[in-house]
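Read off the chains here:
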Amino acid sequence: MKEQIAIYLRLSLEDIDKRSGRIKDVSNSIASQRLLINRFLDEAPSLCDLPRTEFCDDGFSGTNFDRPDFSRMIDLARKGEIGCIVVKDLSRFGRDYLEVGDYLEHIFPFLGIRFISINDQYDSDRLKGKTIGMDVAFRNLVYDYYSKDLSKKVKSAMGVMQRICELISCVPYGYKVSPDDRHKLIIDEKTAPTVRKIFLDIISGKSCTAIAKALNEEGVPTPAQQKNIRRSSSVIPQWTHTMIHNLIGNIKYTGAMVNHTRESRFIRDKNQRRLPREEWYIKENAHPAIVTREEYDAAMNAISRRRKSARSAHDQSDRVYYCGHCGGKLEKANGTVFACRYSRYHDGSPCEEVHWRKSDLEEILFEALKRQIEITKVEARKADNSSKEKSESLELQLSMLKSQLDTLGRDKLTLYENYHESKITAEQYLTTKDDLTVKQSELKAQIEDLENQLKASVQDKNAAEEQQETATHLSTLSDEQLREHLYDAVERVLVYDGKSVEIVWRFGEASVGSENNIESASLPPGT
């Protein structure tokens, strides 16, 4: 297994033109990297016949190592299943020069892994314990600064484009990017009529809910479906009140371009902050309008005239109920009844059957919780005993290995003394010393593995004790007190028709009870 070669490929989102979707530098494409590396391996006599495994992170930045296939490759390397890693150049491996240097000088030599960067003409086999060299270290530093400088320049250029409203950060439903000028919007003849109809329906007095329902009945694709955007949520794509409301509030439909509504606080900020309206960049008549400014204002006035229920602070602890059919969160009417809000957007939908009284649901949860507490106590006790036995066994093995390691250290000292006293030859000394060093390395690797297992076992033991303590505490509560803590133990409840629900307990967050954290329950008799 140690003969396995890992081919690592990476393409960053920064290498792709966001407008055209094309790669800026074709030589950095995944296909190009793959071709270059395989050609290099085919021509290397010592590597051409060895098995190869490909690891590819397409669309991940090189400024950090939080990449799925990179992590998978390193895990296999730590297990000794990879003997050589080959990349096109060091920038594909990573752009953080400190982290890259740590891998090249410490981690890979320790693991006995050969590392090859083709374009940098770097092969760790030629170093044999020496440092990576000033040229490679400097090149890593250049890659790091290049990445940070590029981010600053891109942000600056985007800022200029935003000020003159030539940047299209988002293409609204009803528009598409002009094929002649990527900074201009043109009307999408397929979807623009739907947008105009929505505005006219709002002006005529229809509600957002009624419009959404009509669009769903007509089978009109949602904006996400129209753009083939895949959502991670399990909620079925459909028009909703919120989607209609947000569409009406988009001033871009009047022909105005709006930019700088959000701002990053630092480079690669994943959570941008929303800016006040006075800081927005707005340019009138930037593209063809779907509705006039008068129609836009009329639609906004029609929405604002609708009576808005006074918002008050409500207990949100019971917001754990979800529709078992569409996956949407249930809404609570008058504080007493839970129903699927998506049922109003479709006629004949199974979501219409999801209509439960809160008291009935809480009665189911209460009875199920009492059963789950007893199950958790038993499972936690078993896991605690198992963890204790495993920890004791690991500690014993660890003690024995450390004793063997100490013995090898003394053997090396004795070996040197025998050589110094001319009791053995230099050749015997070097051969035996190398054998002892190999055994020491193997023992150190085994000790590290056992220490990690022991650490994990201790964590499992602590989790088991914590769950057992929680379950024991809950079992001492009265029914009235237990009802007060009902939602503390519930992660999620999938509600189906008037007969069954599925409960996901928070007991399953740790390893203990993970097989029992999902429970099906039915409506109590007589309700």
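Refer to the structure printed above.
Residues numbered from 1 in each chain as written. Predicted model: local features only at pLDDT ≥ 70, side-chain atom pairs only at ≥ 80, totals over all residues. Heavy atoms only, no water.

Student: Can you walk me through the overall build of the protein in this structure?
Tutor: In terms of helices and strands, the protein carries 13 helices and 18 strands. Considering only residue pairs separated by 6 or more positions, the protein has 66% of its internal contacts joining residues 24 or more positions apart. As displayed, the protein has an accessible area near 30700 Å², and 50% of this comes from carbon and sulfur atoms. (Helix = DSSP H or I, 4+ residues; strand = E, 2+ residues; numbered from the N terminus. Contact = heavy atoms within 4.5 Å. Areas by Shrake-Rupley, 256 points an atom, 1.4 Å probe, with all protein chains shown as cover.)

Student: Would you mind showing me how to read the pairing of strand E16 (residues 490-495) here?
Tutor: Strand direction decides the pairing type here: strand E12 (residues 321-323) and E16, joined by three bridges, are parallel. The partner of Tyr321 across the bridge, within E16, is Val493. For E16 and strand E17 (residues 500-505), the ladder comprises five bridges, and the chain directions are antiparallel. The residue of E17 that forms the bridge with Val495 is Val501. (Pairing = 2+ DSSP bridges.)

Student: I keep staring at the environment of His346 and nothing clicks. Help me out?
Tutor: Here His346 lies in the loop between strand E14 (337-339) and strand E15 (355-357). Residue classification places His346 among the partly exposed positions, given a relative accessible area of 25%. Remark: the alpha-carbon pair of His346 and Glu217, spanning 129 residues in sequence, is separated by 6.6 Å. Beyond its immediate sequence surroundings of up to four residues, His346 is in contact with Lys213, Asn216, Gln238 and Glu352. (Buried < 20%, exposed > 50% of the residue type's maximum accessible area, 1.4 Å probe, protein only.)

Student: Got a minute to help me understand the packing of helix H6 (residues 192-203) against helix H7 (residues 208-218) in this structure?
Tutor: Taken N-terminus to C-terminus, the directions of H6 and H7 make an angle of 145°; their axes are 10 Å apart at the nearest point. For H6 against H7, the interelement crossing comes out right-handed. Within the contact between the two elements, H6 uses Thr194, Ile198, Asp201 and Ile202 and H7 uses Cys208, Ile211 and Leu215. For the contact of H6 with H7, the residue count by class is five nonpolar, one polar and one charged. (Axes fitted to C-alpha atoms, helices over the stretch in contact; angles between N-to-C directions. Left-handed = near helix turned anticlockwise from the far one by under 90°. Nonpolar A, V, L, I, M, F, W, Y, C, P; charged D, E, K, R; others polar.)

Student: Even after reading the chapter, I still don't get the side chain of Asp123, so can you show me in this structure?
Tutor: Along the chain, Asp123 turns up in strand E5 (residues 122-123). In this structure the side chain of Asp123 is engaged in a polar contact, spanning 2.6 Å, whose partner is the side chain of Arg114. Only 3.0 Å separates the side chain of Asp123 from the backbone nitrogen of Asp125, close enough to count as a polar contact. Those residues in contact with Asp123 that sit more than four places away from it in its chain are Arg114, Phe115 and Ile116. (Polar contact = N/O pair within 3.5 Å; in protein donor to acceptor, adjacent residues only side chain to side chain.)

Student: Looking at this structure, I do not really get the packing of H7 against helix H9 (residues 241-248). What am I missing?
Tutor: Running from amino to carboxyl end, H7 crosses H9 at an angle of 110°, the nearest separation of the two axes being 8 Å. In terms of axis orientation, H7 runs roughly perpendicular to H9. Residues Cys208, Thr209, Ile211, Ala212 and Leu215 of H7 form the contact with H9, whose own contacting residues are His241, Ile244 and His245. Considered class by class, the residues forming the contact of H7 with H9 number five nonpolar, three polar and no charged. (Parallel < 35°, antiparallel > 145°, perpendicular 65-115°, else oblique.)

Student: Would you mind going over the nonpolar core with me for this structure?
Tutor: Ranked by internal contacts, the top residues of the largest apolar core, which has 61 residues, are Phe199, Ile244, Tyr253, Tyr321, Val493, Val495 and Ile503. Among the elements that line this core, the one with the most residues is helix H11 (residues 358-420), at seven residues. Beyond its immediate chain neighbours, meaning those up to four positions away, Val493 contacts Val320, Tyr321, Tyr322, Leu365, Val501, Glu502 and Ile503. With 22 residues, the next largest nonpolar core counts Ile74, Phe93, Val100 and Leu111 among its residues. (Core = buried A, V, L, I, M, F, W, Y, C linked by side-chain atoms within 4.5 Å.)

Student: Any chance you could explain the packing of aromatic side chains here in plain terms?
Tutor: Two aromatic rings are characterised by how far apart their centres lie and by the angle between their planes. Going through the model one piece at a time under the given rule, you end up with 19 aromatic pairs. Summarising the aromatic geometry, the rings of Phe115 and Tyr122 are spaced 6.1 Å apart at their centres and angled 55° between planes, so their arrangement reads as tilted. An aromatic cluster is built from Tyr8, Phe65, Phe70, Phe93, Tyr103, Phe108, Phe115 and Tyr122, whose rings are joined through pairwise contacts. (Phe/Tyr/Trp six-rings, centres within 6.5 Å; stacked < 30°, edge-to-face > 60°.)

Student: I keep staring at unusual backbone geometry and nothing clicks. Help me out?
Tutor: One non-glycine residue, Asn285, lies in positive phi territory at about 55°. With respect to the helices and strands, Asn285 occurs in the loop between strand E11 (281-283) and helix H10 (293-305). At Ser422, a residue that is not glycine, the phi angle is positive and equals roughly 65°. Tracing the backbone through its elements, the reader meets Ser422 in the loop between H11 and helix H12 (426-475).

Student: How do you make sense of the pairing of strand E1 (residues 5-11) when you look at a structure like this?
Tutor: The two faces of a sheet get side chains in turn, since along a regular strand they alternate between them. Counting buried residues in E1 gives seven out of seven residues, a clear majority hidden from the surface. Side chains of E1 alternate between two faces, with Ile5, Ile7, Leu9 and Leu11 and Ala6, Tyr8 and Arg10 buried alike. Pairing of E1 with strand E2 (residues 52-58), which is carried by seven bridges, proceeds in the parallel orientation. Following the sheet pairing, Ile5 is matched in E2 by Arg52. The pairing of E1 with strand E3 (residues 84-87) spans three bridges and is classified as parallel. Residue pairing across strands places Ile7 opposite Val86, the latter belonging to E3.

Function-wise, these values are silent; they only describe arrangement.
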